[in-house]
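Structure assessment
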Amino acid sequence: MSYDLLIVGGGVTGAGAARDAALRGLKVALVERGEPGGATTAASTHLIHGGVRYLLYDRLTTHATCWDSGHIVRTAGDLLRRLPIVWPVYRGHSRGLETVETLLEEYDRFQPMKYGRAHLRLTPEACARIVPGLSTQGLLGGLAFDEWWVDAKALAERTLDSARRAGAQAFVGENADELLREGARVVGARAGGRQLRARITLNAAGPWAGRVARLAGAEVPLRLMKGTHLIWKDPALTPVGLLLEAVDRGRYVFVVPSPLGTWVGPTDLPGPDDPDLARTAPEEIDYLDRSVRRYFPAWPKPHDATIVGSRPLLGQPGAEKLLSRDFEVFDHENRDGVPGLITVAGGKMSDYRVMAEAAVDAACARLGLTARSTTAQTTLDGLPVGSIPDWPKPSAALKHFLRERPRLRELHALAHLGAAFAGHLARRARGASAAADADEFRRRYA
Ligand SMILES: Cc1cc2nc3c(=O)[nH]c(=O)nc-3n(C[C@H](O)[C@H](O)[C@H](O)COP(=O)(O)OP(=O)(O)OC[C@H]3O[C@@H](n4cnc5c(N)ncnc54)[C@H](O)[C@@H]3O)c2cc1C
């Protein structure tokens, strides 16, 4: 069997690339060794978001992911639900109400790109009414904002279904254990005893991308970060999402009520280099458990399940908590002298559509094709999306420049926040923005 494009990996990124390429008219095949979306994608926090916390050190990622999240909201709408999130602030927390509100005021600039709503400042009484059981001792108030919750595995499956309808073939449950070679060139892969020949092979194997590239003697610089969630079967242990300062004070954990249960997490720890060896450590369970129990004395014990995944972050210098979520398309002909092989790596589920577009653009350039991506204009069910606001994207050149310079990237983010903080304090001094009550919260995020 022979194809224009063979994709290795059927997580959300590979499924997105299959859809993008098939809609452009390419003859496409995809191999997935497990279930579509069953690996990292299923282990994510399930948020389509820009990442409020990246505003602290990687502002352009917040901008870029909000930009593509808007496309995902338009194309996969029925899989998403609006998730209001309360960020309670207590006496002694490392960030006070004014700092947190400044952060969310900055996030408000990007929220319209993903059809998010502006933040609200809440009184302590409103927090307690919105989140029954939340400890009120030392509670100063809270901030509310919203993100989108998505059934992540269903997003990958539906994206792959859309690709199939456009003509792509998917070989599910088949491991690509060898890349076929003609001299230095990669000409496809062997999977499940089949030879799948292709003019271009796209490595979209998430945290396994390094392993797949090495089958052809190529390298993908990744820095894997393990993340665990604890899951309680009850889908609504809290009525809304929460962002809680964790017990170590330097980090935050989400509480996400959803049809898949109430999830608490994630952790963010280095390694291991082999994603098949990623396991939840007892310390992670203890950390997440204590972080949620700190705010909910009556939180049920014990959790029902854990889930762990490896973030496939790009290899980069810098401290673990400041790592960029940017993505890159590697053309291994240029990088390693291995023609026919392209890798897409890094990024987030929240920008999987644009990652897929960039990867297929690179494949088309090698194939000499000029067909353009249409994935932003067509829903996963094949309907036209309609008109899309033309939001500006962040500068690709600045993003690239800052990726290798973590200190400058952080300074870039902090400079924006510093200016925003001054503006915020001036508005507060003029008496602006009274805190909202629970009814206003419900009206805002209904
Ligand atoms: C704890 C955690 C929380 C996260 N939370 C969020 C979030 O809330 N929002 C967000 O936007 N992002 C989040 N992310 C990031 C997001 O999950 C990933 O960026 C995204 O899911 C990666 O998708 P992928 O398709 O690249 O990788 P994967 O989903 O891992 O897909 C790669 C696929 O390749 C397959 N594969 C590997 N080798 C082979 C082979 N040789 N042959 C065939 N198939 C192969 C694997 O089985 C796998 O299914 C989170 C990540 C983690 C770990």
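Use the structure listed above.
Residues numbered from 1 in each chain as written. Predicted model: local features only at pLDDT ≥ 70, side-chain atom pairs only at ≥ 80, totals over all residues. Heavy atoms only, no water.

With an omega of 0 degrees, the peptide bond running from Gly265 to Pro266 counts as cis. You can see Pro266 is positioned in the loop between β14 (261–265) and β15 (269–270). Cis geometry is found at the peptide bond from Gly271 to Pro272, where omega equals -5 degrees. Looking at the element boundaries, Pro272 is found in the loop between β15 and α7 (282–293). Despite not being glycine, His46 shows a phi value in the positive range, around 70 degrees. By secondary structure assignment, the location of His46 is in the loop between β2 (28–32) and β3 (47–48). With relative accessibility at 3%, the residue His46 sits in the buried group. Even without being glycine, Tyr115 reaches a positive phi, approximately 60 degrees. Relative to the helices and strands, Tyr115 resides in the loop between α3 (97–110) and β5 (120–122). In this structure Tyr115 comes out as partly exposed when scored by relative accessible area, which is 27%. (Helix = DSSP H or I, 4+ residues; strand = E, 2+ residues; numbered from the N terminus. Buried < 20%, exposed > 50% of the residue type's maximum accessible area, 1.4 Å probe, protein only.)

Below, the discussion takes up the packing of aromatic side chains. With the rule as written, the count across this model stands at seven aromatic pairs. Relative to Phe145, the ring of Tyr107 has its centre 6.1 Å away and its plane inclined at 80 degrees; by these criteria the two rings are edge-to-face. One end of the pair, Tyr107, is in helix α3; the other, Phe145, is in strand β6 (residues 139–150), with 38 residues separating them in the sequence. With relative accessibility at 1%, the residue Phe145 sits in the buried group. Consider the rings of Phe296 and Trp299, whose centres lie 5.1 Å apart with planes at 50 degrees: the pair is tilted. (Phe/Tyr/Trp six-rings, centres within 6.5 Å; stacked < 30°, edge-to-face > 60°.)

Moving on to helix α9 (residues 352–367). Taking 1.5 Å as the rise per residue, α9 with 16 residues should run 22 Å; its terminal C-alpha atoms sit 22 Å apart, in good agreement. Those residues of α9 lying buried are Tyr352, Arg353, Val354, Met355, Ala356, Ala359, Val360, Ala362, Ala363, Cys364 and Leu367. A positive phi of about 70 degrees marks Gly368, the residue just after α9. (Expected span 1.5 Å × (residues − 1).)

Counted residue by residue, strand β18 (residues 341–346) has six buried out of six residues, so it is predominantly covered. For strand β10 (residues 194–203) and β18, the ladder comprises three bridges, and the chain directions are parallel. Along β18, the bridge assignment pairs Asn203 with Thr343. Both strand β17 (residues 327–331) and β18 contribute to a ladder of five bridges, which runs antiparallel. For Phe330, the partnering residue across the bridge sits in β18 and is Thr343. (Pairing = 2+ DSSP bridges.)

The subject of this paragraph is the nonpolar core. In terms of nonpolar packing, the biggest core is built from 58 residues, with Leu5, Ile7, Val28, Trp87, Phe145 and Leu202 touching the most fellow members. Looking at this core, the element that brings in the most residues is α9, giving nine residues. By size, the runner-up hydrophobic cluster in this structure holds 30 residues, among which are Tyr90, Leu120, Val131 and Tyr295. (Core = buried A, V, L, I, M, F, W, Y, C linked by side-chain atoms within 4.5 Å.)

Residues in a regular strand project their side chains so that they alternate between the two faces of the sheet. Pairing geometry for strand β1 (residues 2–8) and β10, over six bridges, is parallel. Considered in β10, the bridge of Leu5 is made with Ile200. Direction of pairing for strand β9 (residues 185–191) relative to β10: antiparallel, over a ladder of four bridges. Paired with Ala191 across the bridge in β10 is Arg194. Between β9 and β10, which pair antiparallel one after the other, the connecting turn spans two residues, and Gly192 there sits at a positive phi close to 55 degrees.

Attention shifts here to the site of the ligand. Near the ligand you find 37 residues, and of these Glu32, Thr40, Thr41, Leu47 and Ser350 are the closest. Separating an oxygen atom of the ligand from a side-chain N or O atom of Thr40 is a distance of 2.4 Å. Met349 is positioned with one of its backbone polar atoms (N or O) 3.1 Å from an oxygen atom of the ligand. When the free accessible area of the ligand is taken as 1,000 Å², the share hidden by the protein chains comes to 96%. Considered class by class, the residues forming the shell around the ligand number 14 nonpolar, 18 polar and five charged. (Near = heavy atom within 4 Å. Polar contact = N/O pair within 3.5 Å; in protein donor to acceptor, adjacent residues only side chain to side chain. Areas by Shrake-Rupley, 256 points an atom, 1.4 Å probe, with all protein chains shown as cover. Nonpolar A, V, L, I, M, F, W, Y, C, P; charged D, E, K, R; others polar.)

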